[in-house]
Amino acid sequence: MFPRTIQSKNIGKDCKAAIFPSQNPAIPSSQLSEDQLIKIFRRFDTNEDGLLSKEEVKRAYNMLGKSFPGVRTWWALHVGDENKDGYISQEEFNKLVKKNYLI
């Protein structure tokens, strides 16, 4: 079989905008500032309640053109939702990004 190349939906190959650190190897997640993490979080917190719901996380993965957004959403909530309230807080989000769990 031929090797299959997976390309993100709605994002050009030459796009330089990094939304998550995994998209731009020049910016390790450990070097993201608190301000950068807050901006990323707020971009996906569409109802501005300070929490990322399951729907918001899934929408973020869809926007990024990631494959299997439902599975990725489940994983993000499984490992990231430390207090098991069904939402990812800013603090939980920061930990996920720094551990490269949001790939």
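Residue numbers here run from 1 along each chain, matching the order of that chain's written sequence. Two thresholds apply to this predicted model, a pLDDT of at least 70 for residue-level local features and 80 or more for giving and counting side-chain atom pairs, whereas whole-chain, interface and lining totals are computed over all residues. Where side-chain values are given, they derive from all heavy atoms of the structure, hydrogens and water being excluded.

As named in an unreviewed UniProt entry, the protein chain is EF-hand domain-containing protein, taken from Salix suchowensis.

Draft legend 1. Representation of the overall build of the protein chain in the model. Along its length, the protein chain carries four helices and two strands. The way it works is that DSSP assigns letters per residue, a run of H or I at least four long becomes a helix, a run of E at least two long becomes a strand, and they are numbered from the N terminus. Traced from its N-terminal end to its C-terminal end, the protein chain shows the element sequence α-β-α-α-β-α. We call a residue buried when its accessible area falls under 20% of the maximum for its residue type, exposed when it is over 50%, and partly exposed in between, using a 1.4 Å probe and counting protein chains only. For the protein chain, with 103 residues in total, the buried portion stands at 31%. Residues count as neighbours in contact if any of their non-hydrogen atoms are within 4.5 Å of one another. Long-range pairs, those at least 24 residues apart, make up 50% of the contacts in the protein chain with a sequence separation of at least 6.

Draft legend 2. Spatial organisation of the packing of helix H2 (residues 54-63) against helix H3 (residues 69-80). Where H2 meets H3, the closest approach of the two axes is 9 Å, and the angle between their N-to-C directions is 130°. Judged by the inter-axis angle, H2 sits oblique to H3. Here H2 and H3 pass one another in a crossing that is right-handed. Contacts from Lys54, Val57, Lys58, Tyr61 and Asn62 in H2 reach Pro69, Gly70, Arg72, Thr73, Ala76 and Leu77 in H3. Considering only residue class, the contact of H2 with H3 consists of five nonpolar, three polar and three charged. What counts as an axis is a line fitted to C-alpha atoms, over the stretch in contact for a helix, and the angles between N-to-C directions run from 0 to 180 degrees. By definition in this entry, angles of less than 35 degrees are roughly parallel, angles greater than 145 are roughly antiparallel, angles of 65 to 115 are roughly perpendicular, and the rest are oblique. Left-handed describes a crossing whose near helix is turned anticlockwise from the far helix by less than a right angle; the clockwise case is right-handed. Classes in brief: Ala, Val, Leu, Ile, Met, Phe, Trp, Tyr, Cys and Pro nonpolar; Asp, Glu, Lys and Arg charged; the others, Gly included, polar.

Draft legend 3. Structural view of the pattern of salt bridges. By salt bridge we mean one thing: a side-chain nitrogen of Lys or Arg within 4 Å of a carboxyl oxygen of Asp or Glu. For the coordinates displayed, the defined rule picks out two salt bridges. A salt bridge links Glu82 to Lys95; its shortest N-O distance comes to 3.2 Å. On the criterion of sequence distance, the pair formed by Glu82 in the loop between H3 and strand S2 (88-89) and Lys95 in helix H4 (residues 90-98) is long-range, its members being 13 residues apart. Relative accessible area serves as the criterion here: at 32%, Lys95 is assigned to the partly exposed category. Measuring nitrogen to oxygen at the nearest pair gives 3.6 Å for the salt bridge that ties Lys95 to Glu91. Pair noted here: Lys95 and Glu91 are both in helix H4, with a separation of four residues, about one helical turn. Several salt bridges converge on common partners, so that one network encompasses Glu82, Glu91 and Lys95.

Draft legend 4. Spatial organisation of the packing of aromatic side chains. Two rings from Phe, Tyr or Trp (for Trp, the six-membered ring) form a pair when their centres sit within 6.5 Å of each other. Planes less than 30 degrees apart are called stacked, planes more than 60 degrees apart edge-to-face, and all others tilted. The final tally for this structure, using the stated rule, is two aromatic pairs. Centroid distance Phe41 to Phe93: 5.4 Å. Interplanar angle 65°. Geometry classified as edge-to-face. Residue Phe41 is located in helix H1 (residues 34-44), and its partner Phe93 is located in helix H4; the two are separated by 52 residues in the primary sequence. We classify Phe41 as buried; its relative accessible area is 3%. Owing to a relative accessible area of 2%, Phe93 belongs among the buried residues under this scheme. Taken together, a centroid distance of 6.2 Å and an interplanar angle of 45° make the contact between Trp74 and Trp75 tilted.

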